[in-house]
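Spelled out from the first residue to the last, the chains are:
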Amino acid sequence: FCTSAKVLFHTVDLHFLRMERHAKLESSKQLLKESEQMKTMEMNCIAQADVSTVISPEELNLLSNINPTSNIKLMPLIRSIKAPKTHFKDRKNILFIGGFNHLPNVDAVKYFANNVMPLLRKRIPGIKFYIVGSNPSQEVLDLRSEDIIVLGFVDKILPLMEKFKISVAPLRYGAGIKGKIG
């Protein structure tokens, strides 16, 4: 019904790039093959769209080099930042935020729990790591301990963030610009 409508393809992140990075991390030929298939699909979407948007300059450069004739625009991630109500000295502990239907987030909290927390326990007695996000998998739930707390989904994140000294994003692979960074 809208034959003159423009088609916009908005990439939150490039799936093929995230999948390629995961494949390299795992040294997996199968994952690399899947990333190449995804790349073909994503590049077809970009080629068919009137305009495609990306949120990172790195991805803009990458796509412009792959297909210089595509109409690709940068649409940066913009967040409104409010001053915290709780003073930094009154905060404590560490926070991670991320939905667990997204595998890089599962990998991130497992990595942090297994590789970083042992170091922090030695240097900062009593430090705790809180994990927030929807649909924590059994792998994530299994990380629970006296100093690793899995809260799961939290309806209002800003009041919770006011309590923490630091928020971490220990992502070992991904693409785009992460909302948790914003």
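Structure shown above.
Okay, so let's go over this structure. Not measured: the values here are computed from a predicted model. (Residues numbered from 1 in each chain as written. Predicted model: local features only at pLDDT ≥ 70, side-chain atom pairs only at ≥ 80, totals over all residues. Heavy atoms only, no water.)

1. Focus: the packing of aromatic side chains
Any pair of aromatic rings gets described here by the distance separating the centres and the angle formed by the planes. Inspection of every chain in the model, using the stated rule, returns 3 aromatic pairs. Between Phe96 and Phe100, the ring centres sit 6.1 Å apart and the planes meet at 35°, which makes this aromatic pair tilted. When its relative accessible area of 0% is taken as the criterion, Phe96 is described as buried. Ring centres of Tyr130 and Phe164 lie 5.0 Å apart, and the angle between their planes is 70°; on these two criteria the pair is classed as edge-to-face. Note that Tyr130 is positioned in strand β5 (residues 129-132) and Phe164 in the loop between α6 (157-161) and β7 (166-167), a separation of 34 residues in sequence. The exposure class assigned to Phe164 is buried, which follows from its relative accessible area of 6%. Here Lys165 stacks its cationic end above the ring of Phe88, 4.3 Å away from the centre of that ring. (Phe/Tyr/Trp six-rings, centres within 6.5 Å; stacked < 30°, edge-to-face > 60°. Buried < 20%, exposed > 50% of the residue type's maximum accessible area, 1.4 Å probe, protein only. Helix = DSSP H or I, 4+ residues; strand = E, 2+ residues; numbered from the N terminus. Lys NZ or Arg CZ within 6 Å of the ring centre and 35° of its normal.)

2. Here we look at the environment of Val140
Among the structural elements, Val140 can be located in helix α5 (residues 138-141). Overall, Val140 belongs to the buried group, its relative accessible area being 0%. For the pair formed by Val140 and Asp107, sequence separation is 33 residues and the distance between their alpha carbons is 9.1 Å. Not counting residues within four places of it along the chain, the set of residues in contact with Val140 comprises Phe100, Val106, Val109, Ile131 and Val150. (Contact = heavy atoms within 4.5 Å.)

3. Focus on the pairing of β5
Every second residue of β5 is oriented toward a common face, with Phe129 and Ile131 on one face and Tyr130 and Val132 on the other, all of them buried. Two strands pair when backbone bridges link them, and strand β4 (residues 94-97) and β5 are joined in this way by 4 bridges, in the parallel orientation. Residue pairing in the sheet places Phe96 in a bridge with Ile131 of β5. In this fold, β4 hands off to helix α4 (residues 103-123), which returns the chain to β5; that crossover is right-handed. (Pairing = 2+ DSSP bridges. Right-handed = clockwise from strand over helix to strand, strands pointing away.)

4. Quick notes on the sheet that holds strand β2 (residues 51-54)
With parallel pairing, the 3 strands of this open sheet are ordered in space as β1-β2-β3. The open sheet has two edge strands with one neighbour each: β1 (8-10) and β3 (72-74). Looking at each pair of strands side by side, their axes are set apart by 25° on average, direction ignored. Packed on one face of the sheet, helix α3 (residues 57-66) meets β2 and β3 and runs near 165° to β3. (Axes fitted to C-alpha atoms, helices over the stretch in contact; angles between N-to-C directions.)

Treat this as a map of the structure, not an account of what it does.
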